[in-house]
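So you can see what is in the structure, the chains are spelled out below.
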Amino acid sequence: MVSASRIDVARVGFLGFSGYHWLVIAAAWAGWGFDVFDALLFNFVAPNCVPVLLGIQPGAPGAHAATVFWTGAITSILLVGWAAGGVLFGWLGDRIGRKHALFATIAVYAAGTALCAAATNIWQLVACRALASLGIGGEWGIGAALVAETVPENRRVEAGVILQTSSPLGIVLASTVNYLVAGVWFAATPQTSWRYVFLAGLAPVILALLVRIFIRESAHWTAAAVPEQPPAPRELFGAGTRKLTISGAGVAVTAVLTWWACSAFVPLLGSTLASEHAAHLGLSADAARLLAESWKGRASNAFNFGGLLGTFPAIILSRRLGRRPMYVVYFLYSALMLFVTFGLDFAPPTRLAMLFFVGAGVFGVFGTFPFYLPELFPARLRATGSGFCFNIGRLVAAGGPLFVGMVSARAGGSSAVLCDTLVWVGVVPLVAALCAKYFIVETRDRPLQ
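Quick caveat: nothing in here was measured; it's all calculated off a predicted structure.

A.B. asks: Hey, could you run me through the layout of surface pockets in this one?
C.D. replies: Over the atoms rolls a probe the size of a water molecule, and in doing so it shows where empty space is left. A volume near 180 Å³ is recorded for the second largest pocket. Taken together, the residues that form the lining of the second largest pocket break down as two nonpolar, two polar and eight charged.

What follows is the structure, encoded as structure tokens:
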């Protein structure tokens, strides 16, 4: 077995990582953060983007219900493409190497997001989102495998948690960009402001070029590559790996389904609460629009900062309790917070603040995947297996936003209806926690194969 910790071992520094370790972590961290940034831009611009592409005046009767429906539908399409990209680029990462595949994924999702700015109808937007979703789905598994194979064995958990912190920050960046572009700089032209928001998705191209120049290929992959026997996704279901694949896919499906069923509607919940509050106060149309943009960011930031802090308990839980008990704790906490936040009656500002605690569980659990999923698979299948497990959950999760969107749209899309629908999402992590001992494989103290 190749020990990645031998690389630059003489210059090990902060947290036990060398300068090159930090470079790899930073590249994967930025790649995943921009990945999520590009993925979630649509959720923020949907209230302005969808009516324009459907030929409906924003704010007109029927515009809100159409936005709710298409937010769910396009998010579900994104998730299907995300799953396909995870499998495709995961296989490519095991076939041609982590470095080249990582470059390709970042370039694809940046180009696909920027092309959304040129859409003239809803189906062109769907096509561009589908293209972006392939790269978005592929980046995580490759980045996680590269980090796990590069850092020292005894620092893999910390490196994985650090990697995941970029995800909530990526969403905060998306919220900030949308607020500045749509809420401040181009607030007077909501019919076109969303196009400039999508153009911001080009930013990761610079990162892709830096990856191409400075990152070395994984020593694990180089040692394990056997050209005569290229990896095949079907090997994930062989006799020796089937149980591992079920374990990885099971925890990922639970987390991803719960997260997407909530997060796809967090900005919409914020804007809906703001619209209802503005109507109650009798605010002008301009004041109501500004409040809606502000509360969208407020809701998203509460959820995402909760997710940022919620990743760190994974270090203590995984080391002291083990991987399986760690997931039980995260899933039970997530279920409780969903039941409380959306099931009880709160004033709008309080409900927005409660999203912090929802995010700590629903989003925080993702800090476990960068170290747990790579632990399950051998080097020649690591990117394929990690990418498959993490992203196959998105294929199953595709029904979550579509279901929430359809139910809410038919009921008028009010905040009460959204909350009444979202409270049932808590059943998903609750069932997973109760069944954990039957499907989650324990990998604590297991070195990378």
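A.B. asks: Where do I start with the packing of aromatic side chains in this structure?
C.D. replies: Two descriptors summarise a pair of aromatic rings, namely the distance from one centre to the other and the angle between the planes of the rings. Within the structure shown, the criterion is met by 14 aromatic pairs. Their ring planes at 90° and their centres at 5.5 Å tell us that F237 and F388 sit as a pair that is edge-to-face. Taken as a pair, F237 in the loop between α9 (219–224) and α10 (242–263) and F388 in helix α17 (residues 382–397) lie far apart in primary sequence, 151 residues in all. Every member of this aromatic cluster is reached through a ring pair, and the members are W259, F303, Y327, F331, F363, F366, F369, Y372 and F390. Over the face of the ring belonging to Y20 we find R216, whose NZ or CZ atom lies 3.8 Å from the ring centre.

A.B. asks: Just checking my understanding: could you explain the nonpolar core for this structure?
C.D. replies: In a soluble, globular protein the nonpolar side chains are often hidden away together inside. By size, the foremost hydrophobic cluster in this structure holds 124 residues, and its most contacted members are L125, F198, W259, Y327, F366, F369 and Y372. Per-element tally for this core: the top contributor is helix α1 (residues 19–54), with 19 residues. Apart from residues no more than four positions distant in its own chain, Y327 is found in contact with V251, V365, T368, F369, Y372 and I440.

A.B. asks: Even after reading the chapter, I still don't get the packing of helix α5 (residues 156–164) against helix α13 (residues 313–320), so can you show me in this structure?
C.D. replies: Axes are the key here: two packed helices are described by the angle between their axes and the distance separating the axes. The N-to-C vectors of α5 and α13 enclose an angle of 150°; their axes lie 9 Å apart at closest approach. It follows that α5 is roughly antiparallel to α13 by the angle criterion. Crossing of α5 over α13 shows right-handed handedness. Counted together, V157, E158 and V161 of α5 and A314, I315, S318 and R319 of α13 form the full contact between these two elements.

A.B. asks: I tried to follow a nonpolar patch on the surface on my own but got confused; where do I start?
C.D. replies: Together, L332, F339, W424, V427, L430, V431 and L434 make up a nonpolar patch on the protein surface, roughly 660 Å² of accessible area in all. For the nonpolar patch, the secondary structure elements donating two or more residues are α14 (323–343) and α20 (427–434). If one sorts the elements of the nonpolar patch by residue count, α20 sits on top with four residues. Take V431: it is sitting in helix α20. By relative accessible area, which is 45% here, V431 ends up partly exposed.

A.B. asks: So what exactly am I meant to see when it comes to helix α2 (residues 63–96) here?
C.D. replies: Think of an α-helix as turning once every 3.6 residues; residues three or four places apart then point the same way. The end-to-end C-alpha distance of α2, which contains 34 residues, comes to 46 Å, matching closely the 50 Å that a straight helix rising 1.5 Å per residue would cover. Positive phi shows up at G97, right after α2, with a value of about 110°.

Conventions and cut-offs
For every chain, the first residue of its written sequence is number 1, and the numbers climb from 1 along that sequence. Given that the model is predicted, a residue must reach a pLDDT of at least 70 before its local features are reported, and side-chain atom pairs must reach 80 or more before they are shown or counted; all residues, however, enter totals for whole chains, interfaces and linings. Where side-chain values are given, they derive from all heavy atoms of the structure, hydrogens and water being excluded. Throughout, the protein atoms alone are placed on a 1 Å grid, and a set of points is a cavity if a 1.4 Å probe fits but cannot get out or a pocket if it is open with protein on both sides within 12 Å along at least five of seven lines; lining residues have an atom within 4 Å of a point. Grid points are joined across faces, edges and corners, and a volume is the space filled by probe spheres set on the points. Amino acid classes used here: Ala, Val, Leu, Ile, Met, Phe, Trp, Tyr, Cys and Pro are nonpolar; Asp, Glu, Lys and Arg are charged; the rest, including Gly, are polar. Stacked, edge-to-face and tilted are the three classes for Phe, Tyr and Trp ring pairs, Trp counted by its six-membered ring, which pair at centre distances within 6.5 Å; planes under 30 degrees apart are stacked, over 60 edge-to-face, the rest tilted. For the purposes of this entry, the term helix denotes a DSSP run of H or I that reaches at least four residues, the term strand denotes a run of E that reaches at least two, and both are numbered from the N terminus. A ring is scored as having a charge over it whenever the NZ atom of a lysine or the CZ atom of an arginine sits within 6 Å of its centre and within 35 degrees of its normal. Only buried residues count toward a nonpolar core, which is a set of Ala, Val, Leu, Ile, Met, Phe, Trp, Tyr and Cys residues joined through side-chain atoms within 4.5 Å. A 1.4 Å probe rolled over the protein chains alone gives each residue an accessible area, and that area as a share of the maximum for its type sets the label: buried under 20%, exposed over 50%, partly exposed in between. Only heavy atoms enter the contact rule, under which two residues are in contact if any of them lie within 4.5 Å. Helix axes use the C-alpha atoms of the stretch in contact, all axes being lines fitted to C-alpha atoms, and the angles between their N-to-C directions lie in the range 0 to 180 degrees. Note on angle classes: values under 35 degrees are labelled roughly parallel, values over 145 roughly antiparallel, values of 65 to 115 roughly perpendicular, and the remainder oblique. What makes a crossing left-handed is the near helix being turned counterclockwise from the far one by less than a right angle; a clockwise turn instead makes it right-handed. Only residues above 30% relative accessible area that lack a salt bridge enter a patch, with like-charged residues linked at up to 9 Å and the nonpolar side chains Val, Leu, Ile, Met, Phe, Trp and Tyr linked at up to 5 Å. Working definition of accessibility: Shrake-Rupley area with a 1.4 Å probe, residue cover restricted to the visible protein chains. Throughout this description, the term salt bridge denotes a Lys or Arg side-chain nitrogen within 4 Å of a carboxyl oxygen of Asp or Glu. To estimate how far a helix should reach, multiply one less than its number of residues by 1.5 Å.

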